[in-house]
Amino acid sequence: MKAVPIIKKIIISLLTALFVSFITFGLLYLSPGDPAEMMLSNKLGNTVLNTEVLQKYAEILGTNKGFFPMYKNWFVSVLHGDLGTSYNTGYPVIKEFGLRIGCSLRLAVFSTLISLVLGVGLGILSARRRNRFIDRATRIFSSISISVPTFWMAILFLWVFAVKLDLFPISSYDGFKSLILPSLVMGISGSASLIRVTRICVLDNLSEGYVVTARARGLSDRRVFVGHVLKNILLPVITMVTSSLIAHIGGSVIIENIFSLPGTGNYLLRAIRIKDYPVILGFVLLKGMIVIVLTTIADILYYAIDPRIRQGMYEKK
Amino acid sequence: MKKLICLILILALCLPLAACGAKKAETAGDASGAQTSGTQTSGTQSSGAPAQGSGAQSGASETAPQDPEDYTLVLGAKADFTNEGKNLVLDTLMWRDNSYEASPYIVTTEPENNYTKYTLKVTPGITFSDGTPVTAEVVKYSIETLAPASNLGFVATLESMDVVDDLTLVMNFSAPYMGLNYNLSYVYCIKPGAATAEGNITDWTGTGAYVLVDHQPDTSATFEVNESFWNEAKKPQNVKKVIWKVIPEESARLMALEKKEVDALGPDSHAGAGISYSALNDLMKEGKVEVEFRNESGSPNTYMYNWKNGFLADIELRKAVTYAIDRQAMVDAVTYGIGYPMYTFLADDAQYAPRNGEHFDFDPEVSRKLLADAGYVDTNGDGIVEKDGKKVVLQLVTLSSNETYRTIAILFQESLAAVGIGCEISALETTAFRERTNAGDFDVCMCHPWTTAVAYFTTQGVAEAYNNWGTGWRLIPEFVDYSERILASTDPNEIQSLFDKVWAEIYADYPAIPLFAAGIHYLHTDEVSGFIWTRGTSNLIDLSEVVIDRG
């Protein structure tokens, strides 16, 4: 496999991440609300702020400088590997990110795994038992999963499993057990679309000529399915799983709130509300890098699975 | 190739799985130099019981003479302790009492030269929990670093701070400043180097009743009693350990309380448990948890009029609006009867409350008469009065963050409609709300309620510009003089006389309208009691008399 296209992609992605940070900064800067005022209001409970104190605080934060000086300072420090410190907590952005990304990553991986197992498994089952009870039940399950609001499901799960059945704690983040319920909620929610896509892909492929040919050549149903059909549905599944993983790593604010998880979603939302510039820009950049890694892995998988893509790359040469 | 890729994927998935079984993330508290015992205290709640503190060995409580459950209090909080839980580990320089008046604590103050110079004396013998003594240098550092981020007015006029000796500090101001004591009751005493230039505390070593032993930001914090706490009167008698659990979602907090995963909700915030009235109503009926109200004399939800510009610059219209509002309907609909209508800005038993019977009334007939007498007539039969060819439609600006605020606005609108005054509601997100109020782009807006007479009047009474909560209350220039004299006086009778004048002016001018109050509620299980809820100690959590009885 050629490394050059991948390296090229990574470089372009990095530049894109920086460009996104510039746009993000611009939008933040232009949006209503003064960072010093929002920061102080957040710390002091929305009290009426003294104008002179506010000006002094803005000087300390450095938010009274213009757009370009502020962005330039941040950009130069990023080039030195310093993402700055949070206006709100005083801790380095990289530390804040490190404290929270673990939780978001674990949640994202577990929930995506659950989505994958449920989505692909039920999708295949549904397609293979088309129009039978299992197919109908799966489609109903998929409709319900997609329709039920996540926050409602989360509270219901909490009430049933944590309060009534007393199987889980309501509020703690201490290992795998704390992530079971939130992962289940996100996994079930996310499985709905995967079920549908998998089902459609399987049905489409089962009616393709190559399947008929394979059967005609005497291959068993199982061998046809596992050896041929499954490979052909992998591409859309990988795409969906990658998107799902990226979205979940971004942080699920609702789930983090309800299950009291210290993830990036809630933290970033708070930072946006109080215009904590270093945190917002830093998180955008760092998450951008994670997205680059994930999409690169997805590209490698496409390349590995689909010979047409490999062939396409060689033909270009 | 394919096998290699599969292997890489499997390994990649195994890593987070393995990490999950590992200990929880490194805490910021450890890294920032917070007091730690060297071992991680578990923040996990075993179901049905508060934290065992499994594995914790604290230098602050090496011998546990009793079951940890019996001396561990678990608080359910909306936010991290660094928000409003600081005083568990840090003390303020002055203490705010029940009436919001500041009294000597870590420092005492002696004003001179017409309040342009203060000599601060540090109470001797106070140390941080690591043994570092509190000196004048420490106090100076605390003021310099934390005052700008605490919205304290003296920052603008402070010229210099000079350390005279170990326990004496002199502060010089460019102009008389009477409110220093009150301001210092918001400044925490911190070790030099414990905060960033922006006033963010990163080292939580304090002089307070507890020592921070573990901190997982936005998740939990664990405190153990400070055996060298200097204030014997406030030393916790029973609660040797506190676990602060962050539970942002209201339903989850209530579930945790019902399940006894936490002992209490509410001490973490000056606004109390912050449970919706409907949930509160259900809780009070079910009796599963104890519901307490912080003070019988609540500060009312208040709406501010734009008495400077627009329709409500006309005092007759302001009077008509005030008479039109049905507060009881709000109490019934919004608070499920838990609250009570208020016709004054402060409760009758509050310090320096109006004593000459000043109050507002509800009387739609009087409102209609006032409108008619002032020339507001519905000429075209559309149900809305006009004057000078202009339909009277007031712009009401409120916050959208809470359903209660929106409901209050709708009921306000309905009351006005009943007398023929139109009203358009803008329920806005906080930033947008502040933009409108700061620009004076409203006729009526949500206003910060009166806290205490002195605290509120000496800040808001002298302000005249538009601000986050509408506009200042400086109705007449004399308010500035009254404020200075109130701050300078130590004679309650003199202060009351000044407030008599203030109230006479306010109740004659109708600058705002009090609506209703409901008290600030706190919830706890039946296993704990003895919380001290006082108006003056907002943001100051006092667990000195809490009793834990696990029965």
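Computed from a prediction, not measured in an experiment: that's the story for all the values here.

**Structural notes on the overall build of chain A**
Working step 1: Scanning chain A for helices and strands turns up 14 helices and 0 strands.
Working step 2: The N-to-C order of helical and strand elements in chain A reads α-α-α-α-α-α-α-α-α-α-α-α-α-α.
Working step 3: Taking the principal axes of the C-alpha coordinates as reference, chain A spans close to 85 × 60 × 30 Å.
Working step 4: Each of the 317 residues in chain A was classed as buried or not, and the buried ones make up 38%.
Working step 5: Restricting to contacts in chain A with at least 6 residues of sequence separation, those with at least 24 account for 73%.

**Some points on the interface of chain A and chain B**
Working step 1: Every contact between the two is made by 53 residues of chain A and, on the other side, 57 residues of chain B.
Working step 2: Elements supplying a minimum of two residues to the side of chain A that touches chain B: helix H2 (35–44), helix H3 (51–61), helix H5 (93–128), helix H7 (150–164), helix H11 (253–258), helix H12 (264–273) and helix H13 (277–305) of chain A.
Working step 3: When the residues that make up the side of chain A that touches chain B are grouped by side-chain class, the tally is 31 nonpolar, 15 polar and 7 charged.

**Section: the packing of helix H8 (residues 315–324) of chain B against helix H10 (residues 364–373) of chain B**
All names here are of chain B.
Working step 1: Close contact between H8 and H10 brings their axes to 7 Å; oriented N to C, the two are set at 160°. Comparing their axes, H10 and H8 come out roughly antiparallel. Here the hand of the crossing between H8 and H10 comes out left-handed. Judged by residue contacts, Glu 316, Lys 319, Ala 320, Tyr 323 and Ala 324 of H8 engage Pro 364, Val 366, Ser 367, Leu 370 and Leu 371 from H10.
Working step 2: In the contact of H8 with H10, the residues fall into 7 nonpolar, 1 polar and 2 charged.

**Concerning the sheet that holds strand E10 (residues 241–246) of chain B**
Residue and element names in this part refer to chain B.
Working step 1: Spatial ordering of the open sheet is given by E8-E9-E10-E1-E11-E24-E12, a layout of 7 strands whose pairing is mixed. At either end of the open sheet lies a strand with only one pairing partner, and these are strand E8 (210–216) and strand E12 (290–293).
Working step 2: As paired strands, E12 and strand E24 (residues 521–524) are joined by 4 bridges and run antiparallel to one another. Opposite Phe 293, over in E24, you have His 521 as the bridge partner.
Working step 3: Against the sheet, helix H6 (residues 250–258) touches strand E1 (72–77), strand E11 (264–265) and E24, its axis set at about 160° to E1.

**Description of the pairing of E8 of chain B**
All names here are of chain B.
Working step 1: Counted residue by residue, E8 has 7 buried out of 7 residues, so it is predominantly covered.
Working step 2: As judged from the 6 bridges shared by E8 and strand E9 (residues 220–225), these two strands associate in the antiparallel manner. Along E9, the bridge assignment pairs His 215 with Ala 221.

**Section: the nonpolar core**
Working step 1: Grouped together as the largest cluster of nonpolar side chains are 210 residues, with contacts concentrated most on Val 139, Val 242 and Tyr 303 of chain B.
Working step 2: Per-element accounting of this core gives the leading share, 15 residues, to H5 of chain A.
Working step 3: In this structure, Val 242 of chain B is in contact with Leu 73, Leu 75, Leu 88, Tyr 210, Phe 223 and Leu 543 of chain B, ignoring residues within four places of it in sequence.

**Considering helix H9 (residues 209–216) of chain A**
Working step 1: Little of H9 of chain A is tucked away: 0 of the 8 residues are buried.
Working step 2: Where H9 of chain A ends, the next residue or the one after it, Gly 218 of chain A, has phi of about 95°, a positive value.

**Remarks on the pairing of strand E7 (residues 168–173) of chain B**
Residue and element names in this part refer to chain B.
Working step 1: Judged by which residues are buried, E7 turns out to be one-sided: Leu 169, Met 171 and Phe 173 face inward and are buried, whereas Thr 168, Val 170 and Asn 172, on the alternate face, are not.
Working step 2: Taken together, the 6 bridges between strand E6 (residues 158–165) and E7 define a ladder with antiparallel strand orientation. Directly across from Asp 165, in E7, lies its bridge partner Thr 168.
Working step 3: The turn linking E6 back onto E7 is made up of 2 residues.

**Re unusual backbone geometry**
Working step 1: Phi is positive for Lys 275 of chain A, close to 55°, though the residue is something other than glycine.
Working step 2: One can find Lys 275 of chain A in the loop between H12 and H13.
Working step 3: When the 25 C-beta atoms within 10 Å are taken as the criterion, Lys 275 of chain A is described as buried.
Working step 4: Of note in the backbone geometry, Asn 114 of chain B takes a positive phi value of approximately 55° without being a glycine.
Working step 5: On the secondary structure map, Asn 114 of chain B appears in the loop between strand E4 (107–112) and strand E5 (117–122).
Working step 6: For Asn 114 of chain B, a count of 12 C-beta atoms within 10 Å gives the class exposed.

**Observations regarding the sheet that holds E6 of chain B**
Consider a sheet: its strands pair through backbone hydrogen bonds, and that pairing is either parallel or antiparallel.
Residue and element names in this part refer to chain B.
Working step 1: Taken in spatial order, the 4 strands make up an open sheet running E4-E5-E7-E6, and their pairing is antiparallel. The open sheet has two edge strands, E4 and E6, and neither has a second partner. Here the average twist between neighbouring strands, direction ignored, is 20°.
Working step 2: Sheet contacts for helix H4 (residues 136–146): E4, E5, E6 and E7; angle to E6, the most-contacted strand, approximately 165°.

**Notes on the packing of H7 of chain A against helix H8 (residues 177–206) of chain A**
Residues and elements named next belong to chain A.
Working step 1: Taken N-terminus to C-terminus, the directions of H7 and H8 make an angle of 140°; their axes are 10 Å apart at the nearest point. Comparing the axis directions of H7 and H8 gives the class oblique. Our pair here, H7 against H8, has a crossing hand that is right-handed. Each of Thr 150, Met 153, Ala 154, Phe 157, Leu 158, Phe 161 and Ala 162 in H7 lies in contact with H8, whose residues at this interface are Leu 181, Leu 184, Val 185 and Ser 189.
Working step 2: Here the residues of the contact of H7 with H8 are counted per class, giving 9 nonpolar, 2 polar and no charged.

**Comments concerning the confidence of the model for chain A**
Working step 1: Here chain A shows a mean pLDDT of 86. Residues at 70 or above account for 96%.
Working step 2: When mean pLDDT is compared element by element in chain A, H7 of chain A scores highest at 93, while helix H14 (residues 307–316) of chain A scores lowest at 64.

**As for the environment of Ile 421 of chain B**
Working step 1: Residue position: Ile 421 of chain B is located in the loop between helix H11 (403–419) and strand E18 (422–428).
Working step 2: Residues Ile 421 of chain B and Met 255 of chain B, spaced 166 residues apart in sequence, show a C-alpha to C-alpha distance of 44 Å.

What counts as what
- Residues numbered from 1 in each chain as written.
- Chains lettered and ligands numbered in written order.
- Predicted model: local features only at pLDDT ≥ 70, side-chain atom pairs only at ≥ 80, totals over all residues.
- Helix = DSSP H or I, 4+ residues; strand = E, 2+ residues; numbered from the N terminus.
- Buried ≥ 20, exposed ≤ 12 C-beta atoms within 10 Å, placed from the backbone.
- Contact = placed C-beta atoms within 7 Å.
- Nonpolar A, V, L, I, M, F, W, Y, C, P; charged D, E, K, R; others polar.
- Axes fitted to C-alpha atoms, helices over the stretch in contact; angles between N-to-C directions.
- Parallel < 35°, antiparallel > 145°, perpendicular 65-115°, else oblique.
- Left-handed = near helix turned anticlockwise from the far one by under 90°.
- Pairing = 2+ DSSP bridges.
- Core = buried A, V, L, I, M, F, W, Y, C linked by C-beta atoms within 7 Å.
- pLDDT = per-residue confidence, 0-100.

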